[in-house]
Amino acid sequence: PANESSDAEDRVIELAVDHAFNAGSIVVAAGGNEGSGQVDVPSAYPHVLSVAATDASDLRASFSNFGDFVDLAAPGDSVITTAPRSLCASGYQVASGTSFSAPAVSGAVALVDHVRPGLTVSQRFELVRRSARDVGTPGFDVGTGLGVLDVSNALSGPVPVGDGYEVDDDVYWITGRFAKSHRALLRRTRRSGRATGRVSGFNDPTDVYRVELRKGDSLKATLTGAAGSRFALGIWSPRTRGLDITENRTRGRLLAYRDKPGAGERLTARKVATSGSYYVSVEAPHPDRADTTYVLTVRRG
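Residues numbered from 1 in each chain as written. Predicted model: local features only at pLDDT ≥ 70, side-chain atom pairs only at ≥ 80, totals over all residues. Heavy atoms only, no water.

Caption draft 1: Region of interest: helix 3 (residues 121-130). Burial of helix 3 is extensive: nine of the 10 residues sit out of reach of the surface. Elements that come into contact with the buried residues of helix 3 comprise helix 1 (7-22), strand 2 (48-54), strand 3 (72-75), helix 2 (98-115), helix 4 (151-156) and strand 6 (192-199). (Buried < 20%, exposed > 50% of the residue type's maximum accessible area, 1.4 Å probe, protein only. Helix = DSSP H or I, 4+ residues; strand = E, 2+ residues; numbered from the N terminus. Contact = heavy atoms within 4.5 Å.)

Caption draft 2: The side chain of D40, seen in detail. Relative to the elements of secondary structure, D40 occurs in the loop between strand 1 (27-30) and strand 2. A polar atom in the side chain of D40 sits 3.3 Å from the side chain of Q38. (Polar contact = N/O pair within 3.5 Å; in protein donor to acceptor, adjacent residues only side chain to side chain.)

Caption draft 3: Structural detail: the pattern of salt bridges. Overall, the coordinates contain 15 salt bridges when judged by the stated rule. D58 serves as the salt-bridge partner of R133, at 2.7 Å between the closest nitrogen and oxygen. Here R133, found in the loop between helix 3 and helix 4, pairs with D58, found in the loop between strand 2 and strand 3; they are 75 residues apart in sequence, far enough to count as distant. Given a relative accessible area of 37%, R133 falls into the partly exposed group. Here D58 falls in the partly exposed class, since its relative accessible area comes to 25%. The partner of E212 in a salt bridge is R210, with the nearest N and O atoms 3.2 Å apart. Of the residues examined, R210 reaches a relative accessible area of 13% and is grouped as buried. Within the structure, one salt-bridge network assembled from shared partners comprises D71, E126, R129, R130 and R198. (Salt bridge = Lys/Arg side-chain N within 4 Å of Asp/Glu carboxyl O.)

Caption draft 4: Representation of unusual backbone geometry within the structure. A cis amide bond, omega 10°, links V41 with the succeeding residue P42. Here P42 is to be found in the loop between strand 1 and strand 2. Cis rather than trans, the peptide bond between E166 and V167 has omega equal to 0°. Examined against the element boundaries, V167 turns out to sit in the loop between helix 4 and strand 6. The phi torsion at S78 lies on the positive side, around 55°, for a residue other than glycine. Along the polypeptide, S78 turns up in the loop between strand 3 and strand 4 (79-82). The class of S78 is partly exposed, set by a relative accessible area of 47%. One non-glycine residue, K271, lies in the positive phi region at around 45°.

Caption draft 5: How the structure looks around the sheet that holds strand 2. With respect to topology, three strands assemble into an open sheet ordered 1-2-3, the strand pairing being parallel. At either margin of the open sheet sits one strand with a lone partner, and together these are strand 1 and strand 3. Strand-to-strand twist of the sheet, defined as the mean angle between neighbouring strand axes without regard to direction, takes the value 40°. Pairing of strand 2 with strand 3 involves four bridges; the strand directions are parallel. Across the sheet, A53 pairs through a bridge with A74, a residue of strand 3. Contacts from helix 2 reach strand 1, strand 2 and strand 3 within the one sheet, and its direction differs from that of strand 2 by about 130°. (Pairing = 2+ DSSP bridges. Axes fitted to C-alpha atoms, helices over the stretch in contact; angles between N-to-C directions.)

Caption draft 6: How the structure looks around the nonpolar core. If you look at the biggest cluster of nonpolar residues, it comprises 25 residues, and the most contacted ones within it are V28, L49, L72, V105 and V128. Put simply, the parts of the chain that give this core at least two residues each are helix 1, strand 2, strand 3, helix 2 and helix 3. Per element, the largest residue contribution to this core is five residues, and it comes from helix 2. Look past the residues within four positions of L49 in its chain and what remains in contact with it is I26, V27, V28, A29, D71, L72, V105, V109, F125, V128 and R129. (Core = buried A, V, L, I, M, F, W, Y, C linked by side-chain atoms within 4.5 Å.)

Caption draft 7: Region of interest: the packing of aromatic side chains. For the structure shown, the criterion picks out seven aromatic pairs. Between Y165 and Y209, the ring centres sit 5.7 Å apart and the planes meet at 75°, which makes this aromatic pair edge-to-face. Of the two residues, Y165 is situated in the loop between helix 4 and strand 6 and Y209 in strand 7 (residues 206-213); the sequence distance between them amounts to 44 residues. Residue Y209 is classed as buried on the basis of its relative accessible area of 4%. Both rings, one in F231 and one in Y294, keep their centres 6.0 Å apart while their planes meet at 80°; by these two values the pair is edge-to-face. Of this pair, F231 sits in strand 9 (residues 230-236) while Y294 sits in strand 13 (residues 292-300), placing them 63 residues apart in sequence. Take F231 and Y294: they sit in the same class, and that class is buried. Put simply, the rings of Y172, W173 and F178 pair up and form one aromatic cluster. (Phe/Tyr/Trp six-rings, centres within 6.5 Å; stacked < 30°, edge-to-face > 60°.)

Purely geometric stuff here, so don't read any function into it on its own.
Rendered as structure tokens:
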């Protein structure tokens, strides 16, 4: 559970998950067995498939945790599994838990990777989630997420649009050795740029983009999304370093910020003081079960 680890330990685990995702691997985690809305880690971290457990009736098992962090579910109640002979003479026993549901999803992820090798890690992640068979309340629900794992549909269903810039959750991921795969939206020879992406409260809370500005330039950033979308849009200075945004270190770094309901956001940074790399962040500021797509346009004046 989240309250059993320190902030420093949480950060190490989050970075490990992000590095795995960046390398093309998907982390799958059990949602927890307290039968409550308690948020477990690492299942609630970004870029992790969080798995709940269902019973024989395709309902959330009574012990399975629930919440907006749940992505999908798989059978986990009264599962026949192997066991040490010291505990069970036959070598088999009946057991329950989300720890039995998560391996089923891990196996599906491996099969999708093998059968559909041309997909990006972002597309594979979304495919396993979105191919789930809907149960219970139509659409997303906090008990089973997007539904029960459907391996056949995951192997043959339509490919969702991926978020090609991942991982891009912080300045850490778009500079230094990661910069080649995250080219600047604005450069000295390019006065405007455009990007599309997707954010959600648990799976991908923040996208960060780099823009190159010269002393005296102004920057206009415009963000649009579907009606009812909620975003936070920020412009950050060259003083911003790795993990500053995710650690909410804003002093001397954040130049402009806007957070409000609605389909559009607009920010301007006027006559910047120094030349260098500036950053634009798009955030889902509150936990949200929906994946919200957006279009970001930036222009140097």
